[in-house]
Amino acid sequence: MVPPCTERGDDDDDAMVPLAPKPFNSKEFKLEEYPVLKLAIDRWNVINEPKEANAGCALLKRIQDCAVGSGRCEMPRRENGKVTLTAGQVRAALCHAILCNATDPVGEQRWGSEVTKPANRSAGKEYGQSGGLVWNKFLGKTDVDGDGNKPNVDGDGKKPNVSPMAVQRALALLAYFEAATKENFDDKRRISFTLHEGDASLLTTLHNPPTQIKFPEVSVHHGDIDKETVLGSWYVKEIDKETVLRKDSALVNFANYVYGYGEMSKSKNGVSMEEALQVQYPELLVGMFYYGALKDTQCIVTQGVQKFSESEGTMESWQFSRAIPQSAESKTILTMDAQNFNPYIPRHPADPEKGDRYFKQFEPQQVERDLLKATLTFRTQTEKHVSTGGWGCGQFRCNPYLKFLQQYLAAAHANLTLMSFSCWGKKASALHQTRTFRALMKAIEECKVTTSNLLDFLLNLEPEEDMKEMQHFVFLRWVCDWLEKIHGDSADANHGALYALRSEAELQAHKFDASEVFVAPRKREVSLDCASEVVKASKLR
């Protein structure tokens, strides 16, 4: 039986917990047993061939040496929901993880009964050795997948098929290891994870703020959430470029209610924003060793992580683009989980997370929940600049305009000075959303909306049960009707920003097609023997 590790107490002298079940033995490791990792290593060889022969094989050797040198990889305990590690400790943990030599203490409830996650996202024979930093299933070595099914096989019935998206994510991880296993890597850098929790008093503050609350300045752009550029952005008011481009912006992770989803996903249906962030900032992944399901009043703040790769595309078209040099810049990542309003997402029968119907997100209880979550999260920041976007607006089918207004109001109550909002997605829709948000913000400013006005509107929506997914224009119509009541019978009511917003809403209504209602996409897989197909699918340069 594995002994409990629990959080560290005041009288606890044993402050370290081993991550690995045993010291790593390179002689026992067989790369061919992990087809996703093997294809990623082969591709890394090809990418770096002009500069270095067999670069992938050399990198794998450095990863193994790091794992061997760290023994069982002693990790510090959680203490009151917080843990601080060095970049060197994180590197050792991730080396063991990618070599499939790790444990899943959250899945084993070794931190206590309060730190839990679904059993099917926990490591164990029943669920294919997948959970936390146990990556056997993600990298390809599994007899049973997380849905309790036998893995798909190719035509000869012997070799498992491989998700191209898993290979793309593995390539991004290799970009991290390329930097982290070099001698000049800053292994003394501090990385911290902190669990923050609010209470019912926050709701009272939302309804009765102690002082006059002002909305923050807003920038809207259509690039990645962490690419804050003046080009392609729109601002409510003119803002000094140095203010916009400063490095202290915290990034919002549009997360699952289980930290990191609780396991490394193969992303067979496409790479979500959270899954992309995980491999661009791989140090985030170590949080799965310490945290499980989040309550509605909780969020996790990670400080000191760095970015190691770039990507391009979204969901099914997402792909690793390039490794980027290590820099001195570290980021703060705010993990706040989104609600799921997509009942079509396949889940294991034992998984408690089932998507609700689309219209449910407009009900007062759900709106209030997200306002509290966002306000709690934003209040953790002292620098007063947050970069966010369509929180839950991908696979979870949240309405982007509702999510924007909720976060806009939360940012005001958190006293933020600037909120950057990304319309990240397919180019055409991202450009269209950026234009619509411009009209929305101008209309709000023109109508002199207060925080009390906005709170009253959001908590008194009347959703229709027959609302279909993707009908975002319905909510925009509600917004227009509400703003017209605030605006009154002013002479410019029919030709100002409000008129422009109404025009955008009707344009979306005109373009809407019932075929856009979400259906789970077809799974894309290729045979292990078809490495060339993976390369072709990835379109890597």
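As the structure is a prediction and not an experimental result, all values here were calculated from the model. Residue positions within a chain follow its written sequence, with the count starting from 1. The predicted nature of this model means local features are confined to residues of pLDDT at least 70 and side-chain atom pairs, given and counted, to a pLDDT of 80 or more, with totals for whole chains, interfaces and linings taken over all residues. Only hydrogens and water are set aside; all other atoms, that is, all heavy atoms of the structure, feed into the side-chain values.

1. Re the overall build of the chain
Right, so step 1: For the chain, the count of helices and strands is 15 helices and 17 strands.
Right, so step 2: The buried share of the chain, reckoned over its 541 residues, is 57%.
Right, so step 3: If you take every contact in the chain between residues at least 6 apart in sequence, the share linking residues at least 24 apart comes to 79%. By definition, any uninterrupted DSSP run of H or I lasting at least four residues is a helix, any uninterrupted run of E lasting at least two residues is a strand, and each is numbered from the N terminus. Throughout, exposure labels follow a simple rule: accessible area from a 1.4 Å probe, protein chains only, divided by the maximum for the residue type, with under 20% read as buried, over 50% as exposed, and the rest as partly exposed. Contacts between residues were defined by any pair of non-hydrogen atoms, one from each residue, lying within 4.5 Å.

2. Quick word on the packing of helix 3 (residues 87-98) against helix 5 (residues 164-180)
Right, so step 1: What counts as an axis is a line fitted to C-alpha atoms, over the stretch in contact for a helix, and the angles between N-to-C directions run from 0 to 180 degrees. One way to put it is that helix 3 packs onto helix 5 with a least axis distance of 11 Å and a crossing angle of 135°. Relative to helix 5, the element helix 3 lies oblique. By crossing handedness, the relation of helix 3 to helix 5 is classed as left-handed. Mapping the contact onto sequence places Val90, Arg91, Leu94, Cys95 and Ile98 in helix 3 and Leu174, Tyr176, Phe177 and Ala180 in helix 5. Angle categories: roughly parallel below 35 degrees, roughly antiparallel above 145, roughly perpendicular from 65 to 115, and oblique for all the rest. Each crossing gets its handedness from the near helix: less than a right angle anticlockwise from the far helix is left-handed, clockwise is right-handed.

3. Brief notes about the pattern of salt bridges
Right, so step 1: Here, a salt bridge means any side-chain nitrogen of Lys or Arg that lies within 4 Å of a carboxyl oxygen of Asp or Glu. Applying the stated criterion across every chain yields a total of 23 salt bridges.
Right, so step 2: Here Lys307 ties to Glu310 by a salt bridge, and the two come within 3.2 Å at their closest N and O atoms.
Right, so step 3: Among the residues examined, Lys307 registers a relative accessible area of 14% and is labelled buried.
Right, so step 4: What makes Glu310 buried here is its relative accessible area of 15%.
Right, so step 5: Sharing partners across several salt bridges, the network here consists of Asp296, Asp337, Arg369, Asp370, Lys373 and Lys403.

4. Considerations on the packing of helix 10 (residues 400-413) against helix 13 (residues 472-487)
Right, so step 1: As a packed pair, helix 10 and helix 13 sit with axes 8 Å apart at the nearest point and diverge in direction by 45°. The angle between helix 10 and helix 13 falls in the class oblique. Facing helix 10, whose interface residues are Pro400, Tyr401, Leu402 and Leu405, helix 13 presents His472, Phe475, Leu476 and Val479.
Right, so step 2: All amino acids are sorted into three groups, where Ala, Val, Leu, Ile, Met, Phe, Trp, Tyr, Cys and Pro are nonpolar, Asp, Glu, Lys and Arg are charged, and the leftover types, Gly among them, are polar. In terms of residue class, the contact of helix 10 with helix 13 is made up of seven nonpolar, one polar and no charged.

5. Examining helix 1 (residues 35-47)
Right, so step 1: Here helix 1 spans 18 Å end to end across 13 residues, near enough to the 18 Å set by a 1.5 Å rise per residue.
Right, so step 2: Those residues of helix 1 that sit buried are Pro35, Val36, Leu37, Leu39, Ala40, Ile41, Arg43, Trp44 and Asn45. Expected span of a helix: the number of residues minus one, times 1.5 Å.

6. Some words on the side chain of Arg369
Right, so step 1: Within the element layout of this structure, Arg369 appears in helix 9 (residues 364-378).
Right, so step 2: Among the polar contacts listed, one links the side chain of Arg369 to the side chain of Asp337, at a separation of 2.6 Å.
Right, so step 3: Two N or O atoms count as a polar contact when they lie within 3.5 Å, although within protein this holds only if one can serve as hydrogen donor and the other as acceptor, and sequence-adjacent residues are included solely when both atoms are side-chain atoms. Only 2.7 Å separates the side chain of Arg369 from the side chain of Asp370, close enough to count as a polar contact.
Right, so step 4: Non-local contacts of Arg369, meaning those with residues more than four positions away in its chain, are made with Asp296, Asp337, Ala338, Gln339 and Trp391.

7. So, helix 13
Right, so step 1: Helix length check: helix 13 (16 residues) gives 23 Å between terminal C-alpha atoms against 22 Å at 1.5 Å per residue, within 8%.
Right, so step 2: Burial in helix 13 covers these residues: His472, Phe473, Val474, Phe475, Leu476, Trp478, Val479, Cys480, Trp482, Leu483 and His487.

8. Here we look at the nonpolar core
Right, so step 1: In this structure, Leu133 and Trp135 are the most contacted members of the largest nonpolar core, which totals 79 residues.
Right, so step 2: With sequence-adjacent residues up to four places away left out, Trp135 is seen in contact with Leu94, Ala97, Ile98, Cys100, Gln129, Leu173, Met264, Leu285 and Met288.
Right, so step 3: Think of a nonpolar core as a cluster: buried Ala, Val, Leu, Ile, Met, Phe, Trp, Tyr and Cys residues, connected wherever their side-chain atoms sit within 4.5 Å. Of all hydrophobic cores here, the second largest spans 67 residues; its members include Val252, Leu416, Leu454 and Leu461.

9. Notes on the environment of Leu37
Right, so step 1: Here Leu37 lies in helix 1.
Right, so step 2: Along the sequence, Leu37 and Ala166 sit 129 residues apart, while their C-alpha atoms lie 9.0 Å from each other.
Right, so step 3: Excluding residues within four positions of it along the chain, Leu37 makes contact with Phe29, Leu31, Ile98 and Leu139.

10. Regarding unusual backbone geometry
Right, so step 1: Non-glycine residue Cys73 carries a positive phi angle of around 60°.
Right, so step 2: By the element assignment, Cys73 lies in the loop between helix 2 (55-69) and strand 2 (74-76).
Right, so step 3: Taking relative accessible area as the criterion, Cys73 reaches 3% and is therefore assigned buried.
Right, so step 4: Even without being a glycine, Asn80 presents a positive backbone phi close to 55°.
Right, so step 5: With respect to the helices, strands and loops of the structure, Asn80 is situated in the loop between strand 2 and strand 3 (82-86).

11. Section: the pairing of strand 10 (residues 250-255)
Right, so step 1: Where burial is concerned, most of strand 10 is hidden: six out of the six residues are buried.
Right, so step 2: What you see with strand 10 is no split at all: Ala250, Val252 and Phe254 on one side and Leu251, Asn253 and Ala255 on the other are buried throughout.
Right, so step 3: Pairing between strand 10 and strand 14 (residues 331-337): five bridges, direction parallel. Looking at the pairing, Leu251 lines up with Ile333 of strand 14. Strand pairing is assigned whenever DSSP detects at least two bridges linking the two strands.

12. Details of the packing of aromatic side chains
Right, so step 1: Each pair of aromatic rings taken from Phe, Tyr and Trp, with Trp reduced to its six-membered ring, is defined by centres within 6.5 Å and is described as stacked if the planes are under 30 degrees apart, edge-to-face if over 60, and tilted in the remaining cases. Taken as a whole and assessed by the stated rule, the structure comprises 24 aromatic pairs.
Right, so step 2: Arranged with centres 5.1 Å apart and planes meeting at 65°, the rings of Tyr176 and Phe177 form a pair that is edge-to-face. For the pair Tyr176 and Phe177, one class covers both residues: buried.
Right, so step 3: Summarising the aromatic geometry, the rings of Phe362 and Trp478 are spaced 5.3 Å apart at their centres and angled 80° between planes, so their arrangement reads as edge-to-face. In this pair, Phe362 is assigned in the loop between strand 14 and helix 9 and Trp478 in helix 13, connecting sequence segments 116 residues apart. Exposure class is identical for Phe362 and Trp478. Each is buried.
Right, so step 4: A network of ring pairs unites the aromatic residues Trp111, Phe193, Tyr259, Phe289, Tyr290 and Tyr291 as a single cluster.
Right, so step 5: Over the ring of Tyr261 we find Arg121, and its NZ or CZ is 3.9 Å from the ring centre.
Right, so step 6: Sitting above the plane of the Trp391 ring, Lys403 keeps its charged end 5.4 Å from the centroid. The criterion for a charge sitting over a ring is simple: Lys NZ or Arg CZ within 6 Å of the ring centre, and within 35 degrees of the ring normal.

13. Some points on the confidence of the model for the chain
Caution is warranted with low-pLDDT regions, since their predicted coordinates should not be read in detail.
Right, so step 1: Every residue is assigned a pLDDT by the predictor, reflecting its confidence on a scale from 0 to 100. For the chain, mean pLDDT is 80; residues scoring 70 or higher make up 78% of the total.
Right, so step 2: Here residues 142-158 is modelled with pLDDT under 50, and outside its nearest four sequence neighbours on either side it reaches 32 contacts, counting other chains as well.
Right, so step 3: Low pLDDT (under 50) marks residues 229-246, which in the prediction has 39 contacts with non-local residues, meaning those over four places away or in another chain.

14. Quick notes on the environment of Asp370
Right, so step 1: In this structure, Asp370 sits in helix 9.
Right, so step 2: Among the residues examined, Asp370 registers a relative accessible area of 1% and is labelled buried.
Right, so step 3: Separated by 33 residues in the primary sequence, Asp370 and Asp337 place their C-alpha atoms 9.1 Å from one another.
Right, so step 4: Reaching out from Asp370, the side chain makes a polar contact with the side chain of Lys403 at a distance of 2.4 Å.

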